[in-house]
Amino acid sequence: MSTKHPKGNIIEADGVHRKFDLAGQPVHALKGVDFQLAYGEFLSLVGRSGSGKTTLLNIIAGLDRPSEGTTYFKDQDLNALSDEELAILRRNHVGIVFQSSALMPLLTAYENVELPLRIQGVARSERDRRVKECLDLVGMIHRATHRPYELSGGEQQRIAIARAIITSPDVILADEPTGELDSITARRIFSLFRDLVNEKDVSIVAATHDRGLIDIVDKVVELKDGEIA
Ligand SMILES: Nc1ncnc2c1ncn2[C@@H]1O[C@H](COP(=O)(O)OP(=O)(O)OP(=O)(O)O)[C@@H](O)[C@H]1O
Ligand SMILES: [Mg+2]
């Protein structure tokens with residue numbers, strides 16, 4: 001999976017429905033969503049609470065499956081993959097950033113960023129080179145030996161981004177990565193994403209409530225009640 005299509009779509013969802021069953025009550029979270037993320041695009045997914053942003057991100061990340069419809073990652077139909085194959089695809093191609101950074105509390109910033117490379121079995125010297133490069137990229141090299149509780153929310157989020165990009169993913173999926181941050185720090189995080197798209201040839205979807213950030217992105221997609229607005 002190394003082909004590059006400057007104008008094509010790296011992710012596509014066609015007619016995606018997701019129905020949940022909540023104690024016998026049906027919840028129709030996505031109602032026939034068509035979605036495209038182009039190669040090298042920075043896309044912001046906006047919409048009110050409950051509009052389906054997290055549900056859609058989980059489906060395009062291969063963490064959840066649609067009730068109906070098809071999702072493609074680099075032209076690969078995700079419905080055709082087993083859970084194990086989806087996990088491998090995520091590990092090698094997708095970087096995920098959540099609202100709160102979900103760092104390992106007992107590991108240093110360095111060790112948190114290094115972890116995905118250990119899981120991949122990358123050699124120590126190569127790990128060291130890449131961890132330092134990514135910490136430098138997010139402006140956190142001076143905090144390498146600190147543990148998450150010694151870092152501010154914005155600093156923790158930058159470590160989480162370094163961890164998400166350490167494996168050189170094709171796509172970063174971020175679910176309200178700035179939800180717990182002040183507006184200045186939130187702008188810094190979005191600017192960092194912008195730089196990654198421009199310099200690292202990565203594609204990004206970031207769900208956000210914050211319309212003040214949308215001038216930084218290439219495209220805004222709004223979900224309204226489970227449908228594209
Ligand atoms: N596991 C689940 N079981 C039942 N209902 C669910 C489940 N996950 C999500 N939903 C419902 O699906 C709808 C969409 O939820 P989703 O989490 O995708 O919204 P969201 O846009 O991410 O909201 P927020 O901005 O608050 O994070 C909501 O009505 C929610 O209650
Ligand atoms: Mg959500």
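Residues numbered from 1 in each chain as written. Chains lettered and ligands numbered in written order. Predicted model: local features only at pLDDT ≥ 70, side-chain atom pairs only at ≥ 80, totals over all residues.

Trainee: Which residues make up the site of ligand 1, and what are the values?
Mentor: Taken together, F20, L22, V27, A29, G47, S49, G50, S51, G52, K53, T54 and T55 make up the full set of residues adjacent to ligand 1. Looking at the shell around ligand 1, the elements that each hand over two or more residues are β1 (9-22), β2 (25-38) and α1 (53-60). The element contributing the most residues to the shell around ligand 1 is α1, with three residues. Taken together, the residues of the shell around ligand 1 break down into four nonpolar, seven polar and one charged. (Near = placed C-beta within 6 Å. Helix = DSSP H or I, 4+ residues; strand = E, 2+ residues; numbered from the N terminus. Nonpolar A, V, L, I, M, F, W, Y, C, P; charged D, E, K, R; others polar.)

Trainee: How would you explain the pairing of β2 if you had to name every residue and give the values?
Mentor: Both β1 and β2 contribute to a ladder of eleven bridges, which runs antiparallel. What sits directly across from R18, in β2, is L30. Between β1 and β2, which pair antiparallel in sequence order, lie two residues; one of them, A23, sits at a positive phi of approximately 50 degrees. (Pairing = 2+ DSSP bridges.)

Trainee: Explain the pairing of strand β3 (residues 42-46) to me, using residue names and the numbers behind them.
Mentor: Buried residues dominate β3, accounting for five of its five residues. The side-chain alternation of β3 yields two buried faces, one formed by F42, S44 and V46 and the other by L43 and L45. In the sheet, β3 pairs with strand β8 (residues 203-207) via four bridges, with the strands oriented parallel. Its bridge partner being in β8, S44 is matched across the sheet by A206. Pairing of β3 with strand β9 (residues 219-224), which is carried by four bridges, proceeds in the parallel orientation. The partner of L45 across the bridge, within β9, is V221. (Buried ≥ 20, exposed ≤ 12 C-beta atoms within 10 Å, placed from the backbone.)

Trainee: Lay out the packing of helix α3 (residues 109-120) against helix α5 (residues 153-165) in plain terms, naming residues and giving numbers.
Mentor: Packed helix pairs are specified by the crossing angle of their axes together with the interaxial distance, meaning the distance between the axes. For the pair α3 and α5, the least separation of the axes is 7 Å and the interaxial angle reads 25 degrees. Looking at the two axes, α3 sits roughly parallel to α5. Judged by the twist between their axes, the crossing of α3 over α5 is right-handed. Across from A109, N112, V113, L115 and P116 in α3, the residues of α5 making contact are I159, A162 and R163. Looking at side-chain class alone, the contact of α3 with α5 contains six nonpolar, one polar and one charged residues. (Axes fitted to C-alpha atoms, helices over the stretch in contact; angles between N-to-C directions. Parallel < 35°, antiparallel > 145°, perpendicular 65-115°, else oblique. Left-handed = near helix turned anticlockwise from the far one by under 90°. Contact = placed C-beta atoms within 7 Å.)

Trainee: Tell me about the sheet that holds strand β10 (residues 227-228), and please be specific about residues and values.
Mentor: Taken together, the six strands give an open sheet; going across it, the order is β6-β7-β8-β3-β9-β10, and neighbouring strands pair in mixed fashion. Lying at the two open borders of the sheet, with one neighbouring strand each, are β6 (94-97) and β10.

Trainee: Give a description of the nonpolar core that names residues and reports values.
Mentor: A general feature of soluble globular proteins is that nonpolar side chains tend to end up buried together. In this structure, L56, V113, L135, A162, I172, L173 and I204 are the most contacted members of the largest nonpolar core, which totals 59 residues. In contact with I204, other than residues within four places in its own chain, are F42, L43, I172, A174, F193 and V197. (Core = buried A, V, L, I, M, F, W, Y, C linked by C-beta atoms within 7 Å.)

Trainee: Tell me about the sheet that holds β2, and name the residues and values.
Mentor: Pairing is antiparallel across the open sheet formed by four strands, whose spatial order is β2-β1-β4-β5. Two strands bound the open sheet, and with one partner strand each, they are β2 and β5 (76-77). Across five bridges, the pairing between β1 and strand β4 (residues 68-73) is antiparallel. Pairing of E12 across the sheet is with Y72, part of β4. On the sheet, α1 packs against β1, β2 and β4 and is oriented at approximately 120 degrees with respect to β1.

Trainee: With reference to specific residues and values, describe helix α4 (residues 124-137).
Mentor: For α4, built from 14 residues, the straight-helix expectation of 20 Å at 1.5 Å per residue is met to within 8% by its first-to-last C-alpha distance of 20 Å. Of all the positions in α4, only R127, R130, V131, C134 and L135 are classed as buried. Angular distribution of buried residues about the axis of α4 spans 135 degrees; they occupy a single face of the element. Structural note: α4 exposes S125, E126 and R129 on the side pointing more than 90 degrees away from its buried face. Packing partners of the buried residues in α4 comprise α3 and α5. (Expected span 1.5 Å × (residues − 1). Arc of directions from axis to C-beta.)

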